[in-house]
Amino acid sequence: MNVSSPIGTKFPLHFEKHILEQGDQISKKLHLLSVQRFPPHAKKALRAFSLAEVATYLGVSQSHLKKLHLEGKGPVPETSSSGRRSYTAEQMLELRQYLDQHGRSDARMYVPHRRLDEKLQILAVVNFKGGSGKTTTAAHLAQYLALTGHRVLAVDLDPQASLSSLHGFQPELDQIPSIYDAIRYDAEKMPLSEIIRETNFPGLHIVPANLELQEFEYDTPLAMSDRSSNEGKAFFTRISTALAEVDDRYDVVVIDCPPQLGYLTITALTAATSVLITIHPQMLDVMSMGQFLLMLGGILEPIRGAGAAVNLQWYRYLVTRYEPTDGPQAQMVAFLQTLFGEFILKNQMLKSTAISDAGITKQTLYEVEKSAMTRSTYERAIDALDAVNGEIAGLVHAAWGR
């Protein structure tokens, strides 16, 4: 017996087997490509950073860094035959420590770790519709915060695990635990500290995701109906409870939420101290976001009534994949700015072939070599990216009262 598709194609009755086979084929083929680029047990490397980049991320002048090198102070940079200096990301951290210890006492802010009276900042990146640049935003933000000296934990809460893949993990093949293992309801629940993995960015760790994470959406209603336990009734505390275990190890947590308003997203929002909502400035996307906000508000009210502490210090909208020369998009951005005022970030993330080109090799713009693409394209994209992430970092610091 066959089942006809709307366009006349014949499918076997148990076509789900073919879907599983095709999904398995894709995973294996991608794994093969990944192995060719990154052999088994090899760690994803990170390029060196130019003197100009290091000066920008440290907040000092290039001449000051040159002077330190000439005086034999701090880590020794790699120097090319033409005299160009470059530092590894590890050396950037060494430079921070050196500057913090030897700089003027009234200007020691090169190591921006939170102080004892400052709360862990948990930033949830959300959008109801896929394709808004949510994962790209979360990945670049987490890496930027690490490059600027913060201790960062990235949490991949999307079962598609794109954030994990960008950082060199292919969960369905790597056979490593995921965030699901820290928030599940059964006896196999694990401490978050056993799930956290290091990345190729010093100061940035990640909690990977996998397809099993989708089970949380089915487990939660069952746990809520279990009269012998209260765990399901307080499902919205699962992530905040897991993060409490590693609270003292990080300054900022960046959560990449799934593109749906389910139990996972609600759990992230109740754990968050701030929320970043990505918007692609086109009519259908903005309409979809409007529906998302209505549903979100409608859900959070009863959740708060059930005991959830939804205490955001700030939330902002970020325009992503923006093309300033596109008239309708420019009009939509102007409309959003008028509508949301201070709640929309002043800077927009531009649509750029530099980001998509880097993504082909599972890299972000902070990882890819500048020489691998057109210089003007790269610089335009990285300038927009740094402006957006710098503005968000400013909000994080303002939440600490700095």
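Please read all numbers here as calculations on a predicted model, not as lab measurements.

Q: Please set out the sheet that holds strand 4 (residues 78-79) residue by residue, giving values where relevant.
A: Reading across the sheet, the three strands line up as 3-5-4 and stay open at both edges, with antiparallel pairing between neighbours. Across the chains shown, the open sheet's two edge strands, defined by having one partner strand only, are strand 3 (49-50) and strand 4. Sheet analysis places strand 4 next to strand 5 (residues 85-87), joined by two bridges and oriented antiparallel. Bridged to Thr79 within strand 5 is Arg85. Across the sheet, helix 3 (residues 62-70) is in contact with strand 4 and strand 5; its angle to strand 5 comes to roughly 90 degrees.

Q: Requested: an account of helix 4 (residues 89-102), with residues and values cited.
A: The end-to-end C-alpha distance of helix 4 is 20 Å, a good match for the 20 Å that 14 residues give at a rise of 1.5 Å each. On its buried face, helix 4 sits against strand 3, helix 2 (51-58), helix 3, strand 5 and helix 5 (134-147).

Q: Please give an account of the pattern of salt bridges that cites residues and values.
A: Tallied over the full model, the rule gives 15 salt bridges. Residue Arg114 is joined to Asp247 by a salt bridge in which the shortest nitrogen-to-oxygen separation is 2.7 Å. Of the two residues, Arg114 is situated in the loop between helix 4 and strand 6 (121-126) and Asp247 in the loop between helix 10 (238-244) and strand 10 (252-256); the sequence distance between them amounts to 133 residues. Relative accessible area serves as the criterion here: at 14%, Arg114 is assigned to the buried category. On the basis of relative accessible area, Asp247 is assigned to the partly exposed category, the value being 31%.

What counts, and where the lines are drawn
- Residues numbered from 1 in each chain as written.
- Predicted model: local features only at pLDDT ≥ 70, side-chain atom pairs only at ≥ 80, totals over all residues.
- Heavy atoms only, no water.
- Pairing = 2+ DSSP bridges.
- Helix = DSSP H or I, 4+ residues; strand = E, 2+ residues; numbered from the N terminus.
- Contact = heavy atoms within 4.5 Å.
- Axes fitted to C-alpha atoms, helices over the stretch in contact; angles between N-to-C directions.
- Expected span 1.5 Å × (residues − 1).
- Salt bridge = Lys/Arg side-chain N within 4 Å of Asp/Glu carboxyl O.
- Buried < 20%, exposed > 50% of the residue type's maximum accessible area, 1.4 Å probe, protein only.

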